[in-house]
Amino acid sequence: MKILICNDDGYQASGIIALYEALKTVADVEVVAPEHNNSAKSNALTLHSPMYVQTAANGFRYINGTPADCVHIALTGLLGYRPDLVVSGINNGANMGDDTIYSGTVGAAMEGYLFGIPSIAFSQTEKGWAYIDVAARRAAELVRQLIPSLENVAEGAEPTVPPWLLNVNIPNLPDEEIRGVKVARLGRRHAAERVIMQTSPRGETMYWIGGSGPAKEAGEGTDFHATSQKFVSITPLQVDLTDHERLPYWAQTAAKMTESR
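Residues numbered from 1 in each chain as written. Predicted model: local features only at pLDDT ≥ 70, side-chain atom pairs only at ≥ 80, totals over all residues. Heavy atoms only, no water.

## Looking at helix α2 (residues 67-78)
Every α-helix carries 3.6 residues per turn, so stepping three or four residues along brings you back to the same face. Those residues of α2 lying buried are Pro67, Ala68, Asp69, Cys70, Val71, Ala74 and Leu75. Each element contacted by the buried residues of α2 is listed here: β1 (2-6), β2 (28-34), β4 (61-63), β5 (85-91) and α4 (104-114). Directly after α2, the chain includes glycine 80, whose backbone phi takes a positive value near 80 degrees. (Buried < 20%, exposed > 50% of the residue type's maximum accessible area, 1.4 Å probe, protein only. Helix = DSSP H or I, 4+ residues; strand = E, 2+ residues; numbered from the N terminus. Contact = heavy atoms within 4.5 Å.)

Here is the structure:
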């Protein structure tokens, strides 16, 4: 079993160090992560400037690029082999609901998924790394449960299911207070808070993106609800953004436009 680990908080973040320590007891693991914090970079790739790979004292490799860059470079030449699993995190804060659209943590995992490799994004629900050791152990437990299916693929057998992409959020709690695991759908958030305006020393107006809004749709069955009830939430994600339900409506509109020409 070979696992590639990435994140969006940077290679020195407590979350990726704890995740590495937990997963190295499960499989052969290698870290390729951003040099600096790349939160909210989503699936961005760097196309117009060079990137460099460097190795830290602990053996982690880091790149002056985005989380998706790191996974992309690792899978297209850096590693020299195809990992059985791509794992991203553990993120410093939640990636629930609309967060998944912006998340660099999810973006790194999604890059692995786009290459046909099963992938998982792990996050803690609150910032600050409280109980990060617990979160790392819970992450390793989930990976352990998945090993039989991953080994089946690794041995060259026909996979029983297509590659999957999981988004996992773990409450910052002592192990004994976490009630279990729930599969949940994504909730929704309110619109983000207002932009923050400041004046620079040169008298220019600076703008900072405001914080994410509170949960809007957080009822039973959502990731927000599951984690608020002290459960680890697991949400299977997909990349297809097509609004399948409205395809017939837009087909009619297209037909009318074609007829009117």
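Picking up after the structure, the text goes on.
## Here we look at a nonpolar patch on the surface
A grouping of Val195, Met197 and Tyr207 is seen on the molecular surface, where their side chains present a nonpolar patch of about 330 Å² in accessible area. Within the fold, tyrosine 207 resides in strand β11 (residues 205-208). Here tyrosine 207 falls in the exposed class, since its relative accessible area comes to 56%. (Patch = residues over 30% accessible without salt bridge, like charges linked within 9 Å, V, L, I, M, F, W, Y side chains within 5 Å. Areas by Shrake-Rupley, 256 points an atom, 1.4 Å probe, with all protein chains shown as cover. Salt bridge = Lys/Arg side-chain N within 4 Å of Asp/Glu carboxyl O.)

## Some words on the packing of aromatic side chains
In total, this model carries three aromatic pairs according to the counting rule given. Ring plane angle 70 degrees and centroid distance 5.0 Å describe the contact between tyrosine 20 and phenylalanine 60, whose orientation is recorded as edge-to-face. Of this pair, tyrosine 20 sits in helix α1 (residues 14-23) while phenylalanine 60 is found in the loop between β3 (53-55) and β4, placing the two residues 40 residues apart along the sequence. Grouping residues by exposure puts tyrosine 20 and phenylalanine 60 together as buried. Between tyrosine 249 and tryptophan 250, the aromatic rings sit 4.8 Å apart at their centres with planes inclined by 85 degrees, giving edge-to-face as the arrangement. In this structure, lysine 2 packs its charged tip against the face of tyrosine 81, placed 5.3 Å from the ring centre. (Phe/Tyr/Trp six-rings, centres within 6.5 Å; stacked < 30°, edge-to-face > 60°. Lys NZ or Arg CZ within 6 Å of the ring centre and 35° of its normal.)

## Structural notes on the pairing of strand β10 (residues 196-199)
Pairing between β10 and β11: four bridges, direction antiparallel. When the sheet's bridge partners are listed, threonine 199 is paired in β11 with threonine 205. The antiparallel hairpin formed by β10 and β11 contains five residues in its connecting segment, where glycine 203 sits at a positive phi of about 85 degrees. (Pairing = 2+ DSSP bridges.)

## Here's the deal with the layout of surface pockets
To find leftover empty space, one rolls a probe the size of a water molecule over the atoms. Reported here for the largest pocket is a volume of approximately 700 Å³. Along the walls of the largest pocket sit 27 residues, with Ala40, Ala94, Asp99, Tyr102 and Ser212 positioned nearest its centre. Tallied by class, residues from the lining of the largest pocket come to six nonpolar, 14 polar and seven charged. Ile101, Met110, Gln238, Val239 and Leu241 are, among the 15 residues lining the second largest pocket, the residues nearest its centre. Secondary structure elements with two or more residues in the lining of the second largest pocket: α3 (99-102), α4 and β13 (231-237). Residue contributions to the lining of the second largest pocket peak at three residues, all from α4. Looking at side-chain class alone, the lining of the second largest pocket contains eight nonpolar, six polar and one charged residues. (1 Å grid on protein atoms, 1.4 Å probe; cavity = no way out; pocket = protein on both sides within 12 Å on 5 of 7 lines; lining within 4 Å. Points joined across faces, edges and corners; volume = space filled by probe spheres on them. Nonpolar A, V, L, I, M, F, W, Y, C, P; charged D, E, K, R; others polar.)

## Some details on the side chain of threonine 235
Take threonine 235: it is sitting in strand β13. Separated by 2.7 Å, the side chain of threonine 235 and the backbone oxygen of alanine 184 make a polar contact. For threonine 235, the residues in contact, after removing those within four places along its chain, are Leu165, Leu166, Asn167, Ala184, Arg185, Leu186 and Asp223. (Polar contact = N/O pair within 3.5 Å; in protein donor to acceptor, adjacent residues only side chain to side chain.)

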